[in-house]
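Here are the chains, one letter per residue:
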Amino acid sequence: MARTVLRGRRRSNAPALPDNKLHYVRDVTFDEDRSQLRTGTAPQVMATLRNIAIGVIRTRLGGPNIAAATRSLGRHTEHLLNLLGHPQATPVTTASTLN
């Protein structure tokens, strides 16, 4: 399996392109190159959702570490809902899932 490696020094005087930065985050943080989605529009939809997640984290949290923010938001869903503008959510409990 081919993996894109974007680490190391740049070989030219050209500035790093935003596309490379985005691709690096999608590949390393979301492990996009190992995705099993191959048919239809699913790969494009997932790439769009990953781009939205990265954009929301960068603009609303302002942190440079997307991986740490993703882990933190995964553990604290109330922060994720607040970040997305949905302040109130019904918690999932054993009693609510048994009905």
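Higher on the page you've got the structure.
Here the residue numbering is sequential within each chain, running from 1 through the sequence in written order. Only residues with pLDDT of at least 70 are given local features in this predicted model, and only at 80 or more are side-chain atom pairs given and counted; all residues enter the totals for whole chains, interfaces and linings. The basis for the side-chain values is all heavy atoms of the structure; hydrogens and waters are excluded.

Peer 1: How should the overall build of the protein be read in this particular structure?
Peer 2: Looking only at helices and strands, the protein features five helices and zero strands. Starting at the N terminus, helices and strands are each numbered in turn, a helix being any DSSP run of H or I of at least four residues and a strand any DSSP run of E of at least two. When the elements of the protein are put in sequence order from the N terminus, they spell out α-α-α-α-α. When contacts within the protein are restricted to residue pairs at least 6 apart in sequence, long-range pairs at least 24 apart make up 43% of them. Note on areas: these come from Shrake-Rupley sampling with a 1.4 Å probe, and a residue is covered only by the protein chains present in the view. Total accessible area on the protein stands at roughly 8,000 Å², and carbon and sulfur atoms take up 56% of it. By the convention used here, residues are in contact when the closest approach between their heavy atoms is within 4.5 Å.

Peer 1: Teacher, can you tell me more about the pattern of salt bridges here?
Peer 2: Any two side chains of opposite charge can pair if their charged atoms end up close together. In what follows, salt bridge is the name for a side-chain nitrogen of Lys or Arg lying within 4 Å of a carboxyl oxygen of Asp or Glu. In this structure the tally under the stated criterion is three salt bridges. Connected through salt bridges with shared partners, the residues Arg-26, Glu-32 and Arg-50 form a single ionic network.

Peer 1: Looking at this structure, how should I read a nonpolar patch on the surface?
Peer 2: Patch rule: a residue counts if its relative accessible area is over 30% and it has no salt bridge; like charges are joined within 9 Å, and nonpolar side chains (Val, Leu, Ile, Met, Phe, Trp, Tyr) within 5 Å. A surface patch of nonpolar side chains, amounting to about 260 Å² of accessible area, comprises Val-45, Leu-49 and Ile-52. Its place among the elements puts Leu-49 in helix H2 (residues 42–61).

Peer 1: What is the right way to read unusual backbone geometry from this model?
Peer 2: Glycine aside, residues mostly have negative phi angles, and peptide bonds mostly take the trans form. Residue Asp-31 is not a glycine yet carries a positive backbone phi of 50°. Here Asp-31 is to be found in the loop between helix H1 (18–29) and H2.

Peer 1: Is there a simple way to think about the packing of H2 against helix H3 (residues 66–75) in this case?
Peer 2: When two helices pack together, you describe them by how their axes are tilted relative to each other and by the distance separating the axes. In this analysis, axes come from line fits to C-alpha atoms, helices being fitted only over the stretch in contact, and the angle between any two N-to-C directions falls in the range 0 to 180 degrees. Following both chains from N to C, one finds H2 and H3 inclined at 95°, their axes separated by 10 Å at the closest point. Between H2 and H3, the angle falls in the class roughly perpendicular. On the side of H2, the interface is formed by Ile-54, Ile-57, Arg-58 and Leu-61, while H3 contributes Ile-66, Ala-69, Thr-70 and Leu-73. Here the term charged refers only to Asp, Glu, Lys and Arg, the term nonpolar to Ala, Val, Leu, Ile, Met, Phe, Trp, Tyr, Cys and Pro, and the term polar to all other amino acids, Gly among them. Looking at side-chain class alone, the contact of H2 with H3 contains six nonpolar, one polar and one charged residues. Put simply, angles under 35 degrees are roughly parallel, angles over 145 are roughly antiparallel, angles from 65 to 115 are roughly perpendicular, and the rest are oblique.

Peer 1: I tried to follow the nonpolar core on my own but got confused; where do I start?
Peer 2: Soluble globular proteins tend to bury their nonpolar side chains together. Of all hydrophobic cores here, the largest spans eight residues; its members are Val-25, Ile-54, Val-56, Ile-57, Ile-66, Ala-69, Leu-73 and Leu-83. Of all the secondary-structure elements, those providing two or more residues to this core are H2 and H3. Put simply, buried Ala, Val, Leu, Ile, Met, Phe, Trp, Tyr and Cys residues joined by side-chain atoms within 4.5 Å make one nonpolar core. The classification of residues rests on relative accessible area computed with a 1.4 Å probe and restricted to protein chains. Under 20% of the type maximum is buried, over 50% is exposed, and intermediate values are partly exposed.

Peer 1: I tried to follow H3 on my own but got confused; where do I start?
Peer 2: Since the α-helix packs 3.6 residues into each turn, any two residues three or four apart lie on the same face. Where H3 is concerned, the buried positions are Ile-66, Ala-69 and Leu-73. The buried residues of H3 occupy an angular sector of 65° when projected down its axis, which confines them to one face. Residues Gly-74 and Arg-75 are exposed on H3 and point more than 90 degrees away from its buried face. Think of the arc as the fan of directions from the helix axis to the C-beta atoms.

Peer 1: Is there a simple way to think about H2 in this case?
Peer 2: Expected span of a helix: the number of residues minus one, times 1.5 Å. Here H2 spans 28 Å end to end across 20 residues, near enough to the 28 Å set by a 1.5 Å rise per residue. Of the residues one or two after H2, Gly-62 is the one with positive phi, at around 70°.

Peer 1: It is not clear to me how the environment of Pro-43 should be interpreted in this structure. Could you clarify?
Peer 2: Mapped onto the fold, Pro-43 is located in helix H2. Taking the C-alpha atoms as reference points, Pro-43 and Glu-32, separated by 11 residues in sequence, lie 9.5 Å from one another. Sequence-distant contacts of Pro-43, that is, excluding residues within four places in its chain, are made with Leu-37 and Arg-38.

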